[in-house]
Amino acid sequence: MEKGDQSKKGSLAVTDWKQKSIRRGKEAKSLNKRIRELTVSRDLWKSKYTESKTQCIIWEVELIKIKKKLNEILSQ
């Protein structure tokens, strides 16, 4: 009777280990997927920001040029 109990405990331990391993694998896979999503999202926002920042700088330079021209015209 003791052998039967031990074999059941052993098979439960193996099954439990297997289930834990499968669950950990799925968790790792989902975490890696989320990391990839966050990386892509961050890179997209970063590129959008730098693009808008350069556009703002261009507009600022143009605005300064226009102000200088207006001041020249008004000072004449």
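Use the structure listed above.
Quick summary incoming for the structure in this document. The numbering scheme is per chain: residues are counted from 1 as the chain's sequence reads. The predicted nature of this model means local features are confined to residues of pLDDT at least 70 and side-chain atom pairs, given and counted, to a pLDDT of 80 or more, with totals for whole chains, interfaces and linings taken over all residues. With hydrogens and water set aside, each side-chain value is computed from the structure's full complement of heavy atoms.

This part is about the overall build of the chain. Secondary structure assignment for the chain yields one helix and zero strands. Burial classes: relative accessible area under 20% of the type maximum marks a residue as buried, over 50% as exposed, and values in between as partly exposed (1.4 Å probe, protein chains only). Burial statistics for the chain: of 76 residues in total, 0% are counted as buried. Per-residue and other accessible areas were derived by the Shrake-Rupley procedure at a 1.4 Å probe size, with only the shown protein chains allowed to occlude residues. Of the accessible surface of the chain, which amounts to about 7700 Å², a share of 61% is contributed by carbon and sulfur atoms. Under the scheme used here, helices are H or I runs from DSSP no shorter than 4 residues and strands are E runs no shorter than 2 residues, and both carry numbers assigned from the N terminus.

Side chains that differ in sign of charge can pair as their charged atoms come close. By definition here, a salt bridge exists when the distance from a side-chain nitrogen of Lys or Arg to a carboxyl oxygen of Asp or Glu is within 4 Å. Evaluated as defined, the whole model comprises four salt bridges. Between Glu 62 and Lys 65 there is a salt bridge, with its nearest N and O atoms 4.0 Å apart. Of this pair, Glu 62 and Lys 65 both sit in helix H1 (residues 2-75), three residues apart, which is roughly one turn of that helix.

The next thing to look at is the packing of aromatic side chains. Stacked, tilted and edge-to-face are the three classes assigned to paired rings of Phe, Tyr and Trp, where Trp is represented by its six-membered ring and a pair needs centres within 6.5 Å; plane angles under 30 degrees give stacked, over 60 edge-to-face, the rest tilted. Scanning all chains against the criterion turns up zero aromatic pairs. Geometry around Trp 45 places Lys 48 over its ring, the cationic atom sitting 5.0 Å from the centre. Consider the ring centre and the ring normal. A charge sits over the ring if Lys NZ or Arg CZ is within 6 Å of that centre and within 35 degrees of that normal.

This part covers a nonpolar patch on the surface. A contiguous nonpolar patch, built from Ile 66, Leu 70 and Ile 73 and spanning about 300 Å² of accessible area, is present on the exposed surface. Its location among the elements puts Leu 70 in helix H1. Classification of Leu 70 by relative accessible area gives partly exposed; the value is 46%. In this analysis, a patch consists of residues with relative accessible area above 30% that form no salt bridge, clustered at 9 Å for like charges and at 5 Å for the nonpolar side chains Val, Leu, Ile, Met, Phe, Trp and Tyr.

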